[in-house]
Amino acid sequence: MISREKHDRMANAIRFLSMDAVEKANSGHPGMPMGAADVATVLFTRFLKHDPKNPSWPDRDRFVLSAGHGSMLLYSLLYLTGYEEMTIDEIKNFRQLGSKTAGHPEYGHAAGIETTTGPLGQGFANGVGMALAERILNAQFGDEIVDHHTYVLAGDGCLMEGISQEALTLAGHLKLNKLIVLFDDNGISIDGPLSLTDSTNQLQRFGASGWNTASCDGHDPEAIASALEAARNSDLPTLIACKTTIGFGAPTRAGTAKAHGAPLGAEEIAGARKALGWDADPFSIPSDVLDAWRLAGLSSTKTRKAWEKRLADADQNKRGEFDRRMRGDLPAGFDDAISGYKRKLAEEQPTTATRKASEMVLEVINGIVPETIGGSADLSGSNNTKTSQTAPIVAGDYSGRYIHYGIREHAMAAAMNGMALHGGVLPYSGGFLIFSDYCRPAIRLAALMGIRVIHVLTHDSIGLGEDGPTHQPVEHMAALRAMPNLATYRPADVTETAECWQLALEDAKRPSAIALTRQNLPSLRTKYTEKNMCGWGGYEIAGAEGEAAVSLFASGSELEIALKARELLADDGISARVVSMPSFERFSEQSAEYRQSMIGDAQVKVAIEAGVRQGWDAIIGPDGIFIGMKGFGASAPYQELYKHFGITAEAAADAVKKRIQAAG
C-alpha cells in the first residue's frame with residue numbers, strides 16, 4: 001500500500017515533468033497529463049503488468065494512451081518507471097526534431113509506446129484489437145502463456161468520435177473482458193465546457209452495448225484502485241469514468257479549456273508548484289520520488305521471470321510456434337505452397353473474378369499460415385474472405401479465425417492495427433474499395449507505424465455494374481496510391497492475385513491494400529514462372545514483334561483490354577507491347593534502369609485503368625494517352641458501362657492510330 005502522501009508526490013512528478021516539458025517546447029497539452037496523473041499513478045504502481053527492462057515481453061499488459069495529445073503523461077511514466085530509451089534529455093527535448101518524444105506518441109520511437117495515437121478514437125479501437133488478439137492467442141496457447149489486460153486511457157474527444165461507437169459495440173458484443181477503458185472525464189474540450197457540444201451519458205451508452213461500467217473520483221487513489229480491481233474481475237469489458245480536473249493544480253487554469261493545449265506560462269507554473277508543494281527545479285525529480293517510481297517499474301520482474309520459465313517448460317512445438325508468431329516470421333513451407341499453387345493455376349487457367357481468386361489463394365494460405373485472422377465488414381460473401389479453416393470468433397469462444405466485424409469499417413481497420421501491434425496474429429479483412437474511405441484514417445496510421453495489416457478491397461471499379469456510382473470507386477486507387485508506405489495491388493488474374501497475396505504477407509513493415517474485381521477475368525499468365533513477377537510492380541506480359549511503336553500499360557481488369565488492343569493494333573501493322581502494372585509502389589522501388597526498361601521508348605504510351613488518371617503520368621508522361629474515367633460512373637450492366645465510358649480495346653486502338661496519324 002502506498003501512502004496518500006507518497007502517491008501525491010509520485011503523481012505530481014508526472015504533472016511537473018509534463019508542465020515543464022510543454023513550457024520548454026512552448027508547445028503541447030499540459031492539462032490532460034495533470035488531470036489524469038492520479039489515475040495513471042494508480043494503474044502503473046498497483047496494476048499494470050510490464051517490465052521496463054524487458055519492454056517487449058509478450059505477456060505484458062498493454063497500455064494505450066488514446067488521448068494522444070496528452071503524450072507527456074506517457075513519456076513521464078516511461079521515464080519514471082525506468083524505460084532505458086526514455087531519458088530526462090528526451091523529456092527536455094519534447095516535440096523537437098529527432099526526439100523520441102514526438103508531439104503525439106509514435107509507435108517505434110521508444111519502447112513502451114504501444115501504438116501511434118493522436119487522431120482521437122483510434123487508440124480506443126486499437127485497444128479493442130489488442131484485447132481481441134489476447135483472447136485469440138489465449139484460446140490457442142492457454143493461460144500459462146497468454147493472460148494479460150489491455151488498458152486504454154481515453155478522453156471526451158475519443159468517445160465523441162464515431163469510431164468509438166463502432167469499436168465499443170464490437171467489444172461489448174464479443175465480451176472482451178480483459179479490456180479496461182479509463183475515461184478521463186474532465187468535462188472540457190478545446191472550445192470550452194463539454195456541455196457546449198455533448199450531453200451523452202457515457203455510462204449508459206456503454207452499458208447499453210454490453211459493458212460493465214463504473215465511475216470514481218479520478219483524484220482519489222483508493223477509489224480508482226477499487227474500480228480497477230472490480231474491472232479486472234468482470235466478465236465484460238469495463239468503462240471506468242474517472243472524474244478529473246483538467247490542469248489539476250494550476251491556480252487559474254485548472255478546470256478550464258485554457259489548460260488544454262498551450263503552455264501554462266511561468267507564472268501559472270510557479271503557482272502550481274506552490275499549490276502542490278513541489279519545490280524541485282524544472283525536470284528534477286526528488287530522489288525519494290524517483291526511487292519509488294523505479295521500484296514500481298520493477299514490480300513485475302518476478303512475474304515476467306515466472307512466465308519465461310513457463311514458456312521454457314512448455315512443449316517444444318508449442319513454444320516454437322509461439323515464438324515464431326511473436327517474431328512475425330511466416331512458417332516454413334509458405335513459399336513452396338504459393339509456388340505449387342501457381343503451377344496448378346498455370347495448368348488449369350481458370351476464368352474467375354479476382355475476388356474469387358483471392359478466396360482460392362486464401363484457402364492455400366490459411367491452410368499453412370495458422371496465425372491469419374480474417375474478417376469482413378458484413379460482406380463475407382462478396383469479399384470472399386472466409387475459407388474452410390476460418391471458423392467464426394464469438395463471445396466466449398475465441399478459438400476461431402474469422403471476425404464478423406459488422407458494418408463497422410473504421411473500427412475494423414483500427415482494430416486490425418491493434419491486433420498487428422499486439423503481435424502473434426496476422427489480420428486481414430474485407431470491404432468494398434469504395435468504402436476504403438471509411439477506413440482511411442486507420443489505414444494511414446498503419447502506414448505511418450509500418451505494420452502488417454492486409455485490406456481486401458473488392459468491387460474495384462465500374463465493373464461492379466448495376467449498383468451504380470455510389471458504389472463504383474473512381475478516385476480510390478489514386479487516393480490509396482498517394483499514401484506513403486501503403487502497398488497497393490490491383491491484380492489482373494488468378495496468378496497475379498496469388499503473387500500479390502504472397503507479397504502482402506511477406507511485407508512485415510507496411511500495410512497492403514489488394515483491389516479485386518466483381519466480374520470474371522480470364523487467366524492471362526498462361527505459363528508458370530517461379531519468380532514473383534508482381535514483385536517488380538510492373539513487368540512486360542506481352543512483347544512487341546520487332547521494335548515497339550506503342551507501349552500499353554494496364555492494371556487489374558483492364559490488362560485483358562490492353563492485350564486485346566495489342567492484337568487489334570497488330571492487325572493494322574502497328575507493333576505494341578503490354579506491361580502489367582499491379583503495384584505502383586513496388587514499381588517505384590525498382591532501379592531506374594529497370595523502370596526505364598519497362599516504360600520504354602515507344603512513340604506512343606497508353607495507360608488503361610477504370611479509374612482516374614492521377615498517378616499514371618509517371619508512367620506514360622503528360623502527353624500519354626489515358627483510357628479511363630474522367631468522372632463518376634453510372635448504374636448499368638458492367639459490359640455496357642465499359643462501352644459507354646470508352647474503356648475498350650477498340651477505343652484504345654483507335655486512340656493510338658489517331659495519335660500516330662497526327663504525328664505524320
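Details of the structure are given in the entry above.
Residues numbered from 1 in each chain as written. Predicted model: local features only at pLDDT ≥ 70, side-chain atom pairs only at ≥ 80, totals over all residues. Heavy atoms only, no water.

Asks: How would you explain the overall build of the protein if you had to name every residue and give the values?
Replies: Helix and strand content of the protein: 26 helices and 20 strands. A compact globule built from 664 residues should have a C-alpha radius of gyration of about 26 Å, and the protein, at 28 Å, falls within 12% of that. For the protein, the C-alpha atoms occupy an extent of roughly 90 × 55 × 45 Å along the three principal directions. Evaluated residue by residue, the protein yields a buried proportion of 61% over its 664 residues. (Helix = DSSP H or I, 4+ residues; strand = E, 2+ residues; numbered from the N terminus. Rg over C-alpha atoms; globule rule 2.2 N^0.38 Å. Buried < 20%, exposed > 50% of the residue type's maximum accessible area, 1.4 Å probe, protein only.)

Asks: Residues and numbers for the sheet that holds strand E17 (residues 550-554), please.
Replies: A sheet is described by the order of its strands in space; here five strands give the open sequence E16-E18-E17-E19-E20, paired in mixed fashion. Whereas interior strands pair on both sides, the edge strands pair on one side only; in this sheet they are strand E16 (539-542) and strand E20 (625-627). Across this sheet, the average inter-strand angle for adjacent strands is 30 degrees, counted without regard to direction. When E17 meets strand E18 (residues 576-580), the two strands line up parallel, connected through five bridges. Paired with valine 550 across the two strands is alanine 576, which belongs to E18. This element, helix H23 (residues 592-599), spans E16, E17, E18 and strand E19 (604-608) of the sheet and lies at about 130 degrees to E18. (Pairing = 2+ DSSP bridges. Axes fitted to C-alpha atoms, helices over the stretch in contact; angles between N-to-C directions. Contact = heavy atoms within 4.5 Å.)

Asks: How would you summarise the environment of arginine 304 if you had to cite specific residues and measurements?
Replies: As for its placement among the helices and strands, arginine 304 is situated in helix H12 (residues 301-313). Given the relative accessible area of 12%, arginine 304 is considered buried. Each C-alpha atom, one on arginine 304 and one on histidine 404, is 34 Å from the other, the two residues being 100 residues apart in sequence. In this structure, arginine 304 is in contact with Asp51, Asn54 and Trp57, ignoring residues within four places of it in sequence.

Asks: How would you summarise the packing of aromatic side chains if you had to cite specific residues and measurements?
Replies: Taken as a whole, this structure holds 16 aromatic pairs when the rule is applied. Seen from the ring of tyrosine 402, lysine 386 lies directly overhead, with NZ or CZ sitting 5.3 Å from the centre. Over the face of the ring belonging to phenylalanine 584 we find arginine 481, whose NZ or CZ atom lies 3.8 Å from the ring centre. (Phe/Tyr/Trp six-rings, centres within 6.5 Å; stacked < 30°, edge-to-face > 60°. Lys NZ or Arg CZ within 6 Å of the ring centre and 35° of its normal.)

Asks: Requested: an account of the packing of helix H3 (residues 71-81) against helix H11 (residues 287-297), with residues and values cited.
Replies: One can describe the packing of H3 onto H11 by two numbers: an axis separation of 7 Å at closest approach and a directional angle of 85 degrees. Relative to H11, the element H3 is oriented roughly perpendicular. Each of Leu77, Tyr79, Leu80 and Thr81 in H3 lies in contact with H11, whose residues at this interface are Leu290, Trp293, Arg294 and Gly297. Per-class residue counts for the contact of H3 with H11 are five nonpolar, two polar and one charged. (Parallel < 35°, antiparallel > 145°, perpendicular 65-115°, else oblique. Nonpolar A, V, L, I, M, F, W, Y, C, P; charged D, E, K, R; others polar.)

Asks: Can you explain the nonpolar core? Please cite residues and give values.
Replies: The biggest cluster of nonpolar side chains holds 133 residues, and the ones touching the most others in it are Ile91, Phe124 and Leu228. Residues contacting isoleucine 91, with those up to four places away along its chain left out, are Leu17, Ala21, Met72, Tyr75, Ser76, Tyr79, Met86, Thr101 and Phe283. One finds Val474, Leu559, Leu563 and Ala636 within the second-largest nonpolar core, a separate group that totals 34 residues. (Core = buried A, V, L, I, M, F, W, Y, C linked by side-chain atoms within 4.5 Å.)

Asks: How would you explain the pattern of salt bridges if you had to name every residue and give the values?
Replies: Within the structure shown, the criterion is met by 34 salt bridges. A salt bridge links aspartate 288 to arginine 9, with the nearest nitrogen and oxygen atoms 2.9 Å apart. Residue aspartate 288 is found in helix H11, and its partner arginine 9 is found in helix H1 (residues 4-25); the two are separated by 279 residues along the sequence. For aspartate 288, a relative accessible area of 44% translates into the label partly exposed. Across the salt bridge formed by aspartate 147 and lysine 178, the nearest N and O atoms sit 2.2 Å from each other. Of this pair, aspartate 147 sits in the loop between helix H5 (122-141) and strand E2 (150-155) while lysine 178 sits in the loop between helix H7 (162-174) and strand E3 (179-185), placing them 31 residues apart in sequence. Relative accessible area serves as the criterion here: at 31%, aspartate 147 is assigned to the partly exposed category. Counted as one network, the salt bridges with shared partners bring together Asp460, Arg481, Arg490, Glu558 and Glu609. (Salt bridge = Lys/Arg side-chain N within 4 Å of Asp/Glu carboxyl O.)

Asks: Which residues make up unusual backbone geometry, and what values do they have?
Replies: Positive phi, normally seen in glycine, also occurs at aspartate 378, with a value near 65 degrees. Following the sequence through the fold, aspartate 378 ends up in the loop between strand E9 (372-376) and helix H16 (380-383). Classification of aspartate 378 by relative accessible area gives exposed; the value is 52%. Its identity as a non-glycine residue notwithstanding, asparagine 485 has a phi of 60 degrees, on the positive side. The residue asparagine 485 is located in the loop between helix H19 (476-481) and strand E13 (487-489) in this model.

Asks: So what's going on with helix H15 (residues 354-368)? Residues and values would help.
Replies: The terminal C-alpha atoms of H15 lie 21 Å apart, and with 15 residues this matches the ideal 21 Å at 1.5 Å per residue to within 8%. Of all the positions in H15, only Thr354, Arg355, Ala357, Ser358, Glu359, Val361, Leu362, Ile365 and Asn366 are classed as buried. (Expected span 1.5 Å × (residues − 1).)

Asks: Report on H5, specifying residues and quantitative values.
Replies: An α-helical turn contains 3.6 residues, so a residue and the one three or four places further along point in the same direction. With 20 residues, H5 should cover 28 Å at 1.5 Å per step; its first-to-last C-alpha distance of 28 Å lies within 8% of that length. Among the 20 residues that make up H5, 18 are buried, leaving the element largely enclosed by the rest of the structure. Phi for glycine 142, located one or two positions after H5, is positive at around 90 degrees.

Asks: I'd like to hear about the side chain of serine 461, residue by residue, with values.
Replies: Looking at where serine 461 falls in the secondary structure, it is placed in the loop between strand E12 (454-458) and H19. Serine 461 sits in the buried class, given a relative accessible area of 0%. A polar atom in the side chain of serine 461 sits 2.9 Å from the backbone nitrogen of glycine 463. Excluding its chain neighbours within four sequence positions, the residues that come into contact with serine 461 are Gln472, Pro473, Arg490, Gln519, Ser557, Ala610 and Tyr642. (Polar contact = N/O pair within 3.5 Å; in protein donor to acceptor, adjacent residues only side chain to side chain.)

Asks: Describe the sheet that holds E12, with residues and values.
Replies: Here we have six strands laid out as an open sheet, ordered E10-E9-E11-E12-E14-E13, and parallel in their pairing. With one partner strand each, in any of the chains shown, strand E10 (402-404) and E13 form the two edges of the open sheet. Shown here is a sheet whose adjacent strand axes are inclined to one another by a mean of 20 degrees, direction ignored.

Asks: Could you give an account of the pairing of E18, with specific residues and numbers?
Replies: Most of E18 sits inside the fold, with five of its five residues counted as buried. Neither face of E18 is exposed, since Ala576, Val578 and Ser580 on one face and Arg577 and Val579 on the opposite face are all buried. Looking at chain direction, E16 and E18 are connected through three bridges and run antiparallel. Each residue of the ladder has a partner; that of alanine 542, found in E18, is valine 578.

Asks: Please provide a residue-by-residue account of the environment of proline 484, values included.
Replies: Relative to the assigned elements, proline 484 resides in the loop between H19 and E13. Along the primary structure proline 484 and alanine 280 are separated by 204 residues, whereas in three dimensions their C-alpha atoms are 44 Å apart.

Asks: Explain the environment of aspartate 467 to me, and be specific about the residues and the numbers.
Replies: Take aspartate 467: it is sitting in the loop between E12 and H19. Between the C-alpha atoms of aspartate 467 and lysine 386, which are 81 residues apart in sequence, the distance is 23 Å.

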